[in-house]
Amino acid sequence: MNQKRVILEGSHFMNGDIACAEGAIAAGCRFFAGYPITPATEIAEHLAQRMLEVGGIYVQMEDEIASMAAVIGASYAGLKAMTATSGPGFSLMQENIGLAVMTEAPCVIVDVMRGGPSTGQPTLPGQQDVMQAKWGSHGDYEIIALAPSSVQEMFNLTIEAFNLSETYRVPAIVLADEVVGHMWEKVAIPPAQKIKIVNRKKANAPSEAYAPFMPDDDLVPPMACFGEGYSFHATGLTHDEHGYPQTSSSEVQQKLVKRLCDKIRKNADKIVRVEEVLLSDADIVVVAYGIVARAALSAVRKARAEGIKAGLLRPITLWPFPENHVAKIAQQTKAIVVPEMNCGQLVREVERAAKETPVTFLSKLGEEPHTPMEIFEAIRRNS
Amino acid sequence: MRIEIRFAGFGGQGIIKSGIITATAACIYSGKNAVQTQSYGPESRGGACKSEVVISEEEIDFPKVIEPEILVVMSQHAYNEYAENVKTGGIIILDPEMVPHEKELKNVRVFKVPATKIAEELGRKIVANIAMLGAFVAITGVLDKEAVKESIKVNVPKGTEELNLKAFERGYEYGKNLLKS
Amino acid sequence: METVMAHPFAKYLREAMMPHIWCSGCGNGIILNCFVQAVDELQMDLNKLVVVSGIGCIGRAAGYVNTNSFHTTHGRPIAFATGIKLANPELEVVIISGDGDLFAIGGNHFIHAARRNIGIKVICANNFNYGMTGGQQGPTTPVEALTTTTPYGNIEHPFNLVHLAAASGATYVARWTTLHVRRLTQSIKKLLQKEGFGFIEVVSPCPEIFGRYNKMRTGLEMMEWFRKVSAIENFSDPAKAEITPERIVVGEFVDIAKISYEKLIHEKIAEINEKKMQW
Ligand SMILES: Cc1ncc(C[n+]2csc(CCOP(=O)(O)OP(=O)(O)O)c2C)c(N)n1
Ligand code: SF4
Ligand SMILES: [Mg+2]
């Protein structure tokens, strides 16, 4: 097959969902399982066409539970795999996201957030799944979630999500919102060889000696896939390094769950990404992510034009939360403003990291995202 | 400079397409930055429909239209909804056949382009939005004519390029004449 | 002198997982045994075999066979297996799971996998109840049977699994009891060689719980019930094969040829890319 013909390159004008789908293909994703839901459907529709063109698999499952299960299966069979959904489907996926965490299956879940709870407002944007992304499955775990705020980032961060997921053998979530998913912007796609692609560490021990959950120094175990000559067992039950269930050993439980958390926590410095704008002398800092960060940037510029020393800290990685960045800026600044399209989710993390520095929360529900003016007013009131 | 444009009408008129053609022309064929957003959902399935474009030489922070300089409007309903929201000194381009009732508006210039009629003369009512786009380019001058034509070629269904370009030219001529008069 | 002989099937089992969790008299061991026998007779490449199960007593089977194996969440082995099979069609993917796992919580996945004709093979241990959680009513519990959640007798109608499988589009459908060891083994061999979605129901004793509640306290008593009421009727109408206390129709019900989903999708991929090359 002629690869050049099927992998996009150059400048394209496209919407966020399609950019996400193309990002997946560029990242080497060759398996998509999903179930239609607004405002993520275009990802599935685009991949229904494109996956087959690049020799990959697209399958529409009977629901999101099945989609997530199929993604883990495909990942264990050796393919980079993804699903895409919105709030209601994301809720259905949670149990199996936990299975992916426990069995350390690299995979990517895209959640194009709309208004909830329940069926909510299917065609309006929201940022209401931020905590679900972190805590949605039962048990203790760490996970990675990235929040794109442009169509270009829908492309870039989908690739990044695959890279991080493959590196740490953990599900990575692209936490987008309806506006970013549906708006059209230019996306510049570099030649394939210029795009950084990370693939999972392969098992290299002889098959008799292979212990599927024996970590290397980075706390991540090399991965064998089905059919590669290693016969191994994986289970959602608490298991030892060999993958064998140990359902009544507190020692094994502690060791495993701690490692699953620590492989992310101890590598957080390498995972966390933020954008910092005009922070060095800022008296007031807006912490915003996703589409809201675009309004925040506009507001910060307006404030600067009016002589207010405002800055923007944009978490690109929502999970692990960039708490060191927030803690550091909290020491330098007088006040923090956090606009979110929810009733207060990431703001809790900001407050925790900001300690004494006052944090003002700016909620927006049920309509378009905050306007620059609304955020500017909050900057002015708090400066 | 940031320019905000709103295309409005009802579903099925190609309103969304107009926005995409405009934004593509700006960012792929004119070296500018552009973002297109749209009202989505029930509205894009037959009811009121809008497609908004922000064009700028600089990086575009906020991608949504706040107060447009230009409103291109193809239904009475959309006119009623958005006519008063145009920036002072701005432009409204409307199809008089689709917008028979106008309001008293101050500080905006109104241009009437019989796009539906032009399209009907070409035998396909469906290209009215493209005729409107031609007039829009002629009247506002925000985009280079050739860039928009390139954009039309890649954004319309295969086999309809010629028809669409014809509609564009007709609309463009009509707009040019309006400016002269 | 004591001689320890290696069991002929030792290589198929994970010693480190032993002892198994199953009660004495349980039918699960028989099912696993028949499966291993079939794999052995077919000389299957263990590297290409993946055994998947859900959660339940029988769900532990995946861990016991010394091949690629995955123990998924409750109800989801079919969906998980779908991902494996499509990602790598060369793998032979077999699901061994329970009636609750496959037909209550996972029922939707079953009918859709059968409808799509994904090339995965499902072996269901039907013990008429949720063994793992202590014997609750499930989708195959007979009317009037006693379970921990039907203390006054079950008033729900059970699924006729072979009828459900046939109606959903499975290319191979059979039912046996754990009494029919030889036939079950041959049937599993056939199942493993079929293209598309295949299904075997194995009526299996759970003396520890289901039997205890329903006056069959030992595995032997349950097997005695199977012996008394089961009748082999190959290719009879699956719609008429409802299991009742008086009658268990066993045998093959469906054996048809139908192209599998994975073949179709790979044909499509080849077709699309051929077209591309012609440009
Ligand atoms: C989501 C979820 N709900 C409930 C359970 C508890 N649970 C574990 S096994 C099981 C039933 C198993 O029944 P079956 O599939 O018939 O297997 P058996 O134990 O009878 O072999 C249930 C309800 C679970 N593990 N996960
Ligand atoms: S509870 Fe029933 S099904 Fe479970 S192991 Fe015991 S006998 Fe077997
Ligand atoms: Mg059972």
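What counts, and at which threshold
Residues numbered from 1 in each chain as written. Chains lettered and ligands numbered in written order. Predicted model: local features only at pLDDT ≥ 70, side-chain atom pairs only at ≥ 80, totals over all residues. Heavy atoms only, no water. Helix = DSSP H or I, 4+ residues; strand = E, 2+ residues; numbered from the N terminus. Expected span 1.5 Å × (residues − 1). Buried < 20%, exposed > 50% of the residue type's maximum accessible area, 1.4 Å probe, protein only. Arc of directions from axis to C-beta. Contact = heavy atoms within 4.5 Å. Near = heavy atom within 4 Å. Nonpolar A, V, L, I, M, F, W, Y, C, P; charged D, E, K, R; others polar. 1 Å grid on protein atoms, 1.4 Å probe; cavity = no way out; pocket = protein on both sides within 12 Å on 5 of 7 lines; lining within 4 Å. Points joined across faces, edges and corners; volume = space filled by probe spheres on them. Buried area = accessible area lost by both parts, 1.4 Å probe. Salt bridge = Lys/Arg side-chain N within 4 Å of Asp/Glu carboxyl O. Pairing = 2+ DSSP bridges. Axes fitted to C-alpha atoms, helices over the stretch in contact; angles between N-to-C directions. Donors = N, O, S within 2.8 Å, 3.2 Å for Na, K, Ca; no water. Polar contact = N/O pair within 3.5 Å; in protein donor to acceptor, adjacent residues only side chain to side chain. Areas by Shrake-Rupley, 256 points an atom, 1.4 Å probe, with all protein chains shown as cover. Phe/Tyr/Trp six-rings, centres within 6.5 Å; stacked < 30°, edge-to-face > 60°. Lys NZ or Arg CZ within 6 Å of the ring centre and 35° of its normal.

## Here we look at helix 6 (residues 161-180) of chain B
Structural remark: α-helix, 3.6 residues per turn; residues separated by three or four positions point the same way.
Residue and element names in this part refer to chain B.
Right, so step 1: Its 20 residues place the ends of helix 6 29 Å apart at the C-alpha level, agreeing with the 28 Å of an ideal helix rising 1.5 Å per residue.
Right, so step 2: Residues Asn164, Leu165, Ala167, Phe168, Gly171, Tyr172 and Gly175 constitute the buried set of helix 6. Within helix 6, the buried residues cover an arc of 155 degrees as seen down the axis, which keeps them to one side. Away from its buried face by more than 90 degrees, helix 6 exposes Glu162 and Lys180.
Right, so step 3: The inward-facing, buried residues of helix 6 abut helix 3 (115-121), helix 4 (128-140) and helix 5 (145-155).

## Structural notes on the site of ligand 2
Right, so step 1: Close to ligand 2 lie Trp22(C), Cys23(C), Cys26(C), Cys57(C), Asn127(C), Cys206(C), Pro207(C), Glu208(C) and Ile209(C).
Right, so step 2: When its residues are assigned to classes, the shell around ligand 2 shows seven nonpolar, one polar and one charged.

## Examining empty space enclosed by the protein
Residue and element names in this part refer to chain C.
Right, so step 1: One pass over the full model with this rule turns up four cavities of 30 Å³ or more.
Right, so step 2: As a volume, the largest cavity reaches approximately 50 Å³.
Right, so step 3: Around the largest cavity sit Tyr12, Phe35, Val36, Val39, Leu46, Leu49, Val65, Asn66 and Thr67, which together line it.
Right, so step 4: Counted by class, the lining of the largest cavity contains seven nonpolar, two polar and no charged residues.

## Let's talk about the interface of chain B and chain A
Right, so step 1: The interface is formed by 20 residues belonging to chain B together with 23 residues belonging to chain A.
Right, so step 2: Of the roughly 1800 Å² buried at the junction of chain B and chain A (both faces included), carbon and sulfur atoms supply 63%.
Right, so step 3: Inspection of the chain B/chain A interface yields three salt bridges.
Right, so step 4: Between Asp61(B) and Arg301(A) there is a salt bridge, with its nearest N and O atoms 2.9 Å apart.
Right, so step 5: Counting residues per element, the ones that place at least two in the side of chain B that touches chain A are helix 1 (15-27) and strand 2 (33-38) of chain B.
Right, so step 6: Ranked by the residues each element gives to the side of chain B that touches chain A, the list is headed by strand 2 of chain B, at five residues.
Right, so step 7: In the side of chain B that touches chain A, the residues fall into twelve nonpolar, five polar and three charged.

## As for the arrangement of the chains
Right, so step 1: There are two pairs of chains in contact here, and the one with the most contacts is chains A and C.
Right, so step 2: Regarding chain B and chain C, the two do not touch, and the least distance separating their C-alpha atoms is 16 Å.

## Looking at the sheet that holds strand 5 (residues 90-94) of chain B
Right, so step 1: With mixed pairing, eight strands are arranged side by side in an open sheet as 1(A)-9(A)-2(B)-3(B)-1(B)-4(B)-5(B)-6(B). Because the sheet does not close on itself, it has two edges, and the strands there are strand 1 (10-15) of chain A together with strand 6 (108-112) of chain B. Across the sheet, the mean angle separating the axes of adjacent strands is 20 degrees when strand polarity is ignored.
Right, so step 2: Bridge count for strand 5 of chain B against strand 6 of chain B is five bridges, and the pairing is parallel. Paired with Gly90(B) across the two strands is Val108(B), which belongs to strand 6 of chain B.
Right, so step 3: Helix 2 (residues 16-27) of chain A contacts strand 1 and strand 9 (184-189) of chain A of the sheet and is inclined by roughly 130 degrees relative to strand 1 of chain A.

## Overview of the coordination of the magnesium ion (ligand 3)
Around a metal, the perfect tetrahedron of four donors has angles of 109.5 degrees, and the perfect octahedron of six donors has angles of 90 or 180 degrees.
Residue and element names in this part refer to chain C.
Right, so step 1: Taken together, Asp99 (OD), Asn127 (OD1) and Asn129 (O) make up the full set of protein donors to the magnesium ion (ligand 3), lying 2.1 to 2.3 Å away.
Right, so step 2: Mapping the donors of the magnesium ion (ligand 3) onto the primary sequence yields the spacing D-x27-N-x1-N.
Right, so step 3: For Asn127, a relative accessible area of 11% corresponds to the buried category.
Right, so step 4: In this structure Asn129 comes out as buried when scored by relative accessible area, which is 2%.

## Comments concerning the site of ligand 1
Right, so step 1: For ligand 1, the set of nearby residues contains 17 residues, the closest of which are Cys57(C), Gly100(C), Asp101(C), Gly131(C) and Met132(C).
Right, so step 2: Ligand 1 sits at a junction of chains, with neighbouring residues supplied by chains A and C.
Right, so step 3: Cys57(C) is positioned with one of its backbone polar atoms (N or O) 2.8 Å from an oxygen atom of ligand 1.
Right, so step 4: Asn127(C) is positioned such that a nitrogen or oxygen atom in its side chain is 2.9 Å from an oxygen atom of ligand 1.
Right, so step 5: The fraction of the free accessible surface of ligand 1 (590 Å²) that becomes covered by protein chains is 77%.
Right, so step 6: When residues of the shell around ligand 1 are assigned to their parent elements, the largest contribution, four residues, is made by helix 4 (residues 99-105) of chain C.

## Some words on the interface of chain A and chain C
Where interface size is quoted, it is often the accessible area lost as the parts come together.
Right, so step 1: Listed by partner, the interface residues are 45 residues for chain A and 41 residues for chain C.
Right, so step 2: Summing both partners gives a buried area of about 3400 Å² for chain A against chain C, and 64% of it is carried by carbon and sulfur.
Right, so step 3: Counting across the interface, chain A meets chain C through one salt bridge.
Right, so step 4: In this structure, Arg116(C) and Glu62(A) form a salt bridge, with 2.7 Å as the shortest nitrogen-oxygen distance.
Right, so step 5: The tally of links from chain A across to chain C stands at 14 residue pairs in polar contact (both at pLDDT 80 or more).
Right, so step 6: Where the side of chain A that touches chain C is concerned, the elements lending two or more residues are helix 1 (3-6), helix 3 (41-53), strand 3 (57-60), helix 4 (64-76), helix 5 (87-102) and strand 10 (233-235) of chain A.

## Quick word on the sheet that holds strand 12 (residues 284-287) of chain A
Residues and elements named next belong to chain A.
Right, so step 1: Judged by pairing direction, the sheet is mixed, and its five strands sit side by side in the order 11-13-12-15-16 without closing on themselves. Edge positions in the sheet fall to strand 11 (274-277) and strand 16 (359-363), since each of these pairs with one other strand and no more. Shown here is a sheet whose adjacent strand axes are inclined to one another by a mean of 20 degrees, direction ignored.
Right, so step 2: Examined bridge by bridge, strand 15 (residues 335-340) and strand 16 share five bridges and lie parallel to one another. Residue Glu340 lies in a different strand from strand 16, and its bridge partner there is Ser363.
Right, so step 3: Its contacts with the sheet put helix 11 (residues 290-305) on strand 11, strand 12, strand 13 (310-315) and strand 15, and the angle it makes with strand 13 is roughly 165 degrees.

## Here's the deal with the environment of Ala113(C)
Residues and elements named next belong to chain C.
Right, so step 1: Position of Ala113 relative to the elements: it lies in helix 5 (residues 107-116).
Right, so step 2: Residue Ala113 is classed as buried on the basis of its relative accessible area of 0%.
Right, so step 3: It is 19 Å that separates the C-alpha atoms of Ala113 and Lys190, two residues lying 77 residues apart in sequence.
Right, so step 4: Residue contacts for Ala113: discarding those within four places in its chain leaves Ile78, Ile118, Ile120 and Phe197.

## Details of the pattern of salt bridges
Right, so step 1: Summed over all chains, the structure comprises 49 salt bridges over all chains.
Right, so step 2: Between Glu166(A) and Arg200(A) there is a salt bridge whose closest N-O contact spans 3.0 Å. Taken together, the residues span a long stretch of sequence, with Glu166(A) in helix 7 (residues 151-168) and Arg200(A) in the loop between strand 9 and strand 10 at a distance of 34 residues. Side by side, Glu166(A) and Arg200(A) carry an identical accessibility label, which is buried.
Right, so step 3: Put simply, Lys266(A) and Asp262(A) hold a salt bridge, and the shortest N to O gap is 3.7 Å.
Right, so step 4: Beyond isolated ion pairs, a larger network of salt bridges with shared partners links Arg301(A), Arg2(B), Glu4(B), Glu59(B) and Asp61(B).

## Regarding the environment of Met61(A)
Right, so step 1: With respect to the helices and strands, Met61(A) occurs in the loop between strand 3 and helix 4.
Right, so step 2: Separated by 28 residues in the primary sequence, Met61(A) and Ala33(A) have C-alpha atoms spaced 6.3 Å apart.
Right, so step 3: Apart from residues no more than four positions distant in its own chain, Met61(A) is found in contact with Ala33(A), Gly34(A), Tyr35(A), Ala66(A), Ser67(A), Ala70(A), Ala79(C), Thr82(C) and Arg116(C).

## Concerning the packing of aromatic side chains
Right, so step 1: Counted according to the given criterion, the structure contains 20 aromatic pairs over all chains.
Right, so step 2: Look at Tyr210(A) and Phe232(A): their rings are 6.0 Å apart centre to centre, the planes differ by 85 degrees, and that puts the pair in the edge-to-face class. Of the two residues, Tyr210(A) is situated in the loop between strand 9 and strand 10 and Phe232(A) in the loop between strand 9 and strand 10; the sequence distance between them amounts to 22 residues.
Right, so step 3: Looking at Phe232(A), the relative accessible area reads 3%, which means it is buried.
Right, so step 4: Centroid distance Trp22(C) to Tyr64(C): 5.1 Å. Interplanar angle 80 degrees. Geometry classified as edge-to-face. Separated by 42 residues along the polypeptide, Trp22(C) in the segment before helix 1 (28-41) and Tyr64(C) in helix 2 (residues 61-64) bring together distant segments of the chain. A single burial state applies to Trp22(C) and to Tyr64(C), both of which are buried.
Right, so step 5: Site record: aromatic cluster; members linked through ring pairs are Tyr76(A), Tyr210(A), Phe226(A), Tyr230(A), Phe232(A), Phe70(C) and Phe80(C).
Right, so step 6: It is Lys302(A) that lies over the ring of Phe376(A); its NZ or CZ is 5.0 Å from the centre.
Right, so step 7: Positioned above the aromatic ring of Tyr172(B) is the side chain of Lys145(B), whose terminal nitrogen or guanidinium carbon lies 4.3 Å from the ring centre.

These figures come from the coordinates and say nothing about function on their own.
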